[in-house]
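# Secondary and tertiary structure notes
Each chain is listed here by its residues.
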Amino acid sequence: MKTIPHALHPGATIGIIGGGQLGRMLAMAAARLGFETVILTPEAENCAGPVAGTVLIADYTDPEALARLASLAQVVTFEFENVPAKTLEILGGLGCQVAPGAKALAVAQDRVDEKTFLNTHGVPTVDFAPVSSLADLVEALARIGAPALLKTRRDGYDGKGQVWIENHDRATAEAAFIGLGAKPCILEAPAAFVREVSVIAARGHDGEVAAYPLGENHHESGILRRTSAPARVSPATLDQAQTLATRIVTALDYVGVMGVEMFELANGQLLVNEIAPRVHNTGHWTLDGCEVDQFEQHIRAIVGWPLGPTHALAQVEMTNLLGGEILDWGNLAAEAEARLWIYGKGEPRPGRKMGHVNRLFPLKP
Ligand SMILES: Nc1ncnc2c1ncn2[C@@H]1O[C@H](COP(=O)(O)OP(=O)(O)O)[C@@H](O)[C@H]1O
Ligand SMILES: [Mg+2]
């Protein structure tokens, strides 16, 4: 029998912080490999709990719940990036292994720190400026120009916490800043992208990196609508994307799967938009397009198993099922070549991610 030093064995327990659909699919992947899972979420109604062995309903910084999580799990991971730093401090104090680590979380939680980190490691981004007051914003607009995109530094997702500023007027700037709650912000130059792509990369305990082919992403109202993968990019662009992703996960001494969102410019250059230290919506195509999908890959990485293959077996069109679109499950289920993933969430509120469908086509040469 081949033994892998330091690897967790089937039967071990994996802790997952967060109870959303990413946690649900992580728990399903863990179960497939024989692992037990325990979910920590403050929400009594959550969609990861029903597919996990144990659910702890408590605040993310509840000391008792974290002590219980640490006593049950041999490794703890998370399914969203806004996990409080305090949670990792408490788990660290309990001697609990957490993957990915605190550094990756901290960098991804703050858009200024994120871009500063990326630039320091030779990863290009749009030009940007930190903004903590109206005076900062006026100065940043004078340097970067308008239009420019103002985003809150923290807590934004699905395009929330962002506003375009179309001109240099002080009144326009003030309205934008106040509209975002006068919170610490970042002002970003517009990326003149021809398309948005992403790469899902994994790094193992031993430093091995595996990256999937690129996904081409289409957003509507800030929410991901569709991903086509593998994206039809030149070999040079693919190489550039995978090199950048490898540089990022290596610089963070990262363990697990990361989503790296990028803008492709007309000249083929890639700018990194943001990194997500977790499995990613633009990687859902791998569930049906690859031998080892992003969820299993993440589990493999954090338990110290070898990473799986990442090449595509099919051309996949992933479409998110938002709000009431999920009610069409009957027709989707009857569609040949359509693989349906339903998250088991309650009410289909408008814009809520209720599921996704992967439509498979023969791989284009
Ligand atoms: N600097 C920019 N220039 C042009 N478009 C942008 C820029 N930043 C973000 N966007 C657009 O807004 C979307 C959401 O922004 P993003 O920074 O990824 O925030 P979120 O955390 O909400 O995903 C991006 O996918 C892209 O379409
Ligand atoms: Mg994004």
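Residues numbered from 1 in each chain as written. Chains lettered and ligands numbered in written order. Predicted model: local features only at pLDDT ≥ 70, side-chain atom pairs only at ≥ 80, totals over all residues.

## Some points on the domain arrangement of the protein chain
- For the protein chain, the domain assignment lists domain 1 (13-98), domain 2 (127-188) and domain 3 (193-361).
- Inter-centroid distance (C-alpha atoms) of domain 1 to domain 2 is 35 Å. (Domains from an automatic or database assignment.)

## Brief notes about the site of ligand 1
- Neighbouring ligand 1 are 15 residues, the closest being Val 126, Gly 159, Glu 188, Pro 190 and Ala 191.
- Residues of the shell around ligand 1, tallied by class, amount to five nonpolar, five polar and five charged. (Near = placed C-beta within 6 Å. Nonpolar A, V, L, I, M, F, W, Y, C, P; charged D, E, K, R; others polar.)

## Observations regarding the sheet that holds strand β7 (residues 162-165)
- In space, the four strands of this open sheet follow the order β5-β8-β6-β7, with antiparallel pairing throughout. Each of the sheet's edge strands pairs with one partner strand only, and the pair in question is β5 (128-131) and β7. Across the sheet, the axes of successive neighbouring strands diverge by a mean angle of 25 degrees, strand direction being ignored.
- Pairing geometry for strand β6 (residues 148-152) and β7, over four bridges, is antiparallel. Pairing of Ala 148 across the sheet is with Ile 165, part of β7. (Pairing = 2+ DSSP bridges. Helix = DSSP H or I, 4+ residues; strand = E, 2+ residues; numbered from the N terminus. Axes fitted to C-alpha atoms, helices over the stretch in contact; angles between N-to-C directions.)

## What to know about helix α3 (residues 85-93)
- Taken together, the buried positions of α3 are occupied by Thr 87, Leu 88, Ile 90 and Leu 91. Taken around the axis of α3, the buried residues stretch over an arc of 160 degrees, which confines them to a single face. Every exposed residue of α3 that faces more than 90 degrees away from the buried side is listed here: Ala 85, Lys 86 and Gly 93.
- Buried residues along α3 sit against β1 (13-17), α2 (63-72), β4 (75-78) and α4 (102-109). (Buried ≥ 20, exposed ≤ 12 C-beta atoms within 10 Å, placed from the backbone. Arc of directions from axis to C-beta. Contact = placed C-beta atoms within 7 Å.)

## Brief notes about the packing of α4 against helix α5 (residues 111-120)
- Axis separation between α4 and α5 bottoms out at 5 Å; the angle between their running directions is 115 degrees. Taken as axis vectors, α4 and α5 run roughly perpendicular relative to one another. Listed contacts from α5 to Ala 106, Val 107 and Ala 108 of α4 are Asp 113, Glu 114 and Phe 117.
- Taken together, the residues of the contact of α4 with α5 break down into four nonpolar, no polar and two charged. (Parallel < 35°, antiparallel > 145°, perpendicular 65-115°, else oblique.)

## A closer look at the sheet that holds β4
- A sheet is described by the order of its strands in space; here four strands give the open sequence β3-β2-β1-β4, paired in parallel fashion. Single-partner strands in this sheet number two, and they are β3 (54-57) and β4. Geometrically, the sheet is characterised by an average inter-axis angle of 20 degrees between neighbouring strands, direction not taken into account.
- Of the pairings in the sheet, the one linking β1 to β4 comprises four bridges and is parallel in character. The residue bridging Ile 17 from the neighbouring strand is Phe 78, located in β4.
- Each of β1 and β2 (36-41) touches helix α1 (residues 21-32); the most contacted strand, β2, lies at about 165 degrees to it.

## Side note on the environment of Gly 256
- As for its position among the elements, Gly 256 is in strand β13 (residues 256-265).
- With 25 C-beta atoms counted inside 10 Å, the residue Gly 256 sits in the buried group.
- Taking the C-alpha atoms as reference, Gly 256 lies 37 Å from Leu 137; in sequence the two are 119 residues apart.
- Apart from the residues lying within four places of it in its own chain, the contact partners of Gly 256 are Thr 77, Ala 99, Pro 100, Ala 202, His 298, Ala 301 and Ile 302.

## Here's the deal with the nonpolar core
- Core analysis: the largest hydrophobic core is formed by 90 residues, its most contacted members being Leu 26, Leu 187, Val 199, Ala 201, Ala 245, Val 260 and Ile 299.
- For this core, the element with the most residues is α1, which contributes six residues.
- What Val 199 contacts, discounting residues up to four positions off in sequence, is Ala 211, Tyr 212, Leu 214, Ala 241, Gln 242, Ala 245 and Val 260. (Core = buried A, V, L, I, M, F, W, Y, C linked by C-beta atoms within 7 Å.)

## Some words on α1
- For α1, which comprises twelve residues, the first-to-last C-alpha distance of 17 Å matches the rise-based estimate of 16 Å (1.5 Å per residue) to within 8%.
- With respect to burial, α1 is a largely interior element, nine of its twelve residues being buried.
- Three or more residues of α1 are buried, namely Gln 21, Leu 22, Gly 23, Arg 24, Met 25, Leu 26, Ala 27, Ala 29 and Ala 30.
- Directly after α1, the chain includes Gly 34, whose backbone phi takes a positive value near 90 degrees. (Expected span 1.5 Å × (residues − 1).)

## Overview of unusual backbone geometry
- In this model, Ala 99 is joined to Pro 100 through a cis peptide bond whose omega is -5 degrees.
- Checked against the element boundaries, Pro 100 lands in the loop between α3 and α4.
- For the bond running from Ala 229 to Pro 230, omega is -10 degrees, close enough to zero to count as cis.
- Relative to the elements of secondary structure, Pro 230 occurs in the loop between β12 (223-229) and α8 (235-251).
- The backbone phi angle of Glu 337 is positive, close to 70 degrees, even though this residue is not glycine.
- Relative to the helices and strands, Glu 337 is located in the loop between α11 (329-334) and β16 (338-342).
- Overall, the presence of 12 C-beta atoms within 10 Å leaves Glu 337 in the exposed class.

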